[in-house]
Amino acid sequence: GEDVEQSLFLSVREGDSSVINCTYTDSSSTYLYWYKQEPGAGLQLLTYIFSNMDMKQDQRLTVLLNKKDKHLSLRIADTQTGDSAIYFCRAGRRALTFGSGTRLQVQP
Amino acid sequence: EAEVAQSPRYKITEKSQAVAFWCDPISGHATLYWYRQILGQGPELLVQFQDESVVDDSQLPKDRFSAERLKGVDSTLKIQPAELGDSAMYLCASSGTGQDSYEQYFGPGTRLTVT
């Protein structure tokens, strides 16, 4: 079956860069996505990448895609305390499978 | 800015009772999704609608869960009877057509607690 995996926790200091990683098994989806979820809230679409690209930059966010290794990463530059949240990648067949989420903790 | 609306935001019910959740997608979005998110996990797709038709309900526990989208706009997800293991956040999402069909916009969710 489909599998999308993420590390559970990441802690960084304010101002540093954060890198959140995701691996997947099914590479058939056209797009791959990153979402942010704050406590008690729904999911907010942060960014996405087309499957034939290897990098996409959007302000402080950079998405890297390694199709050969089925590895997706999200880099947040100049991480702020407001970036503290859980981050989910979405991939898989028809891009309907979410990872289990990475909790990002930003220390002042 | 258009948003996906869900109600109620919180629901506490006793096991064996019936419970229903409502979702109103972004206007014009043909595709509607219901997800279940257990604490500490990512969302799991329960059912996907294209207009009023079910596209995928392979993960929906059909013995107790039902979903409908009668006029192809808003949707209701029902659980009867509720079980303790149904305690979770129920998220609704919608997406448009064409290239926009890949971007899903989520509502705030309904947090269900079954006692």
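This is a predicted model, so every value here is computed, not measured. (Residues numbered from 1 in each chain as written. Chains lettered and ligands numbered in written order. Predicted model: local features only at pLDDT ≥ 70, side-chain atom pairs only at ≥ 80, totals over all residues. Heavy atoms only, no water.)

Asks: Which parts of the structure should I look at to understand the state of the cysteines?
Replies: Here, disulfide denotes a covalent bond that connects the sulfur atoms of two cysteines. All names here are of chain A. Taken as a whole, this structure holds two disulfides over all chains when the rule is applied. Here C22 pairs with C89 through a disulfide, and the sulfurs are 2.0 Å apart. Across the S-S bond of C22 and C89 the torsion is about 65°, and the bridge reads as right-handed. Of this pair, C22 sits in strand β3 (residues 18-24) while C89 is found in strand β9 (residues 85-91), placing the two residues 67 residues apart along the sequence. With respect to burial, C22 and C89 carry one shared label: buried. (Disulfide = S-S within 2.5 Å. Helix = DSSP H or I, 4+ residues; strand = E, 2+ residues; numbered from the N terminus. Buried < 20%, exposed > 50% of the residue type's maximum accessible area, 1.4 Å probe, protein only.)

Asks: Please clarify how the interface of chain B and chain A should be interpreted in this entry.
Replies: Where interface size is given, it is often the accessible area lost as the parts come together that is meant. Every contact between the two is made by 21 residues of chain B and, on the other side, 19 residues of chain A. Taken together, both faces of the contact between chain B and chain A bury some 1500 Å²; the carbon and sulfur share is 52%. A per-residue breakdown of the area chain B buries against chain A is headed by B:Y102, B:E103 and B:F106, which together make up 32% of the total. Where chain B touches chain A, the interface holds zero salt bridges. Here chain B is connected to chain A by four residue pairs in polar contact (both at pLDDT 80 or more). Ranked by residue count, the leading element in the side of chain B that touches chain A is strand β4 (residues 31-37) of chain B, at three residues. When grouped by side-chain class, the residues that make up the side of chain B that touches chain A number 10 nonpolar, eight polar and three charged. (Contact = heavy atoms within 4.5 Å. Buried area = accessible area lost by both parts, 1.4 Å probe. Salt bridge = Lys/Arg side-chain N within 4 Å of Asp/Glu carboxyl O. Polar contact = N/O pair within 3.5 Å; in protein donor to acceptor, adjacent residues only side chain to side chain. Nonpolar A, V, L, I, M, F, W, Y, C, P; charged D, E, K, R; others polar.)

Interpretation in functional terms is not warranted from these geometric data alone.
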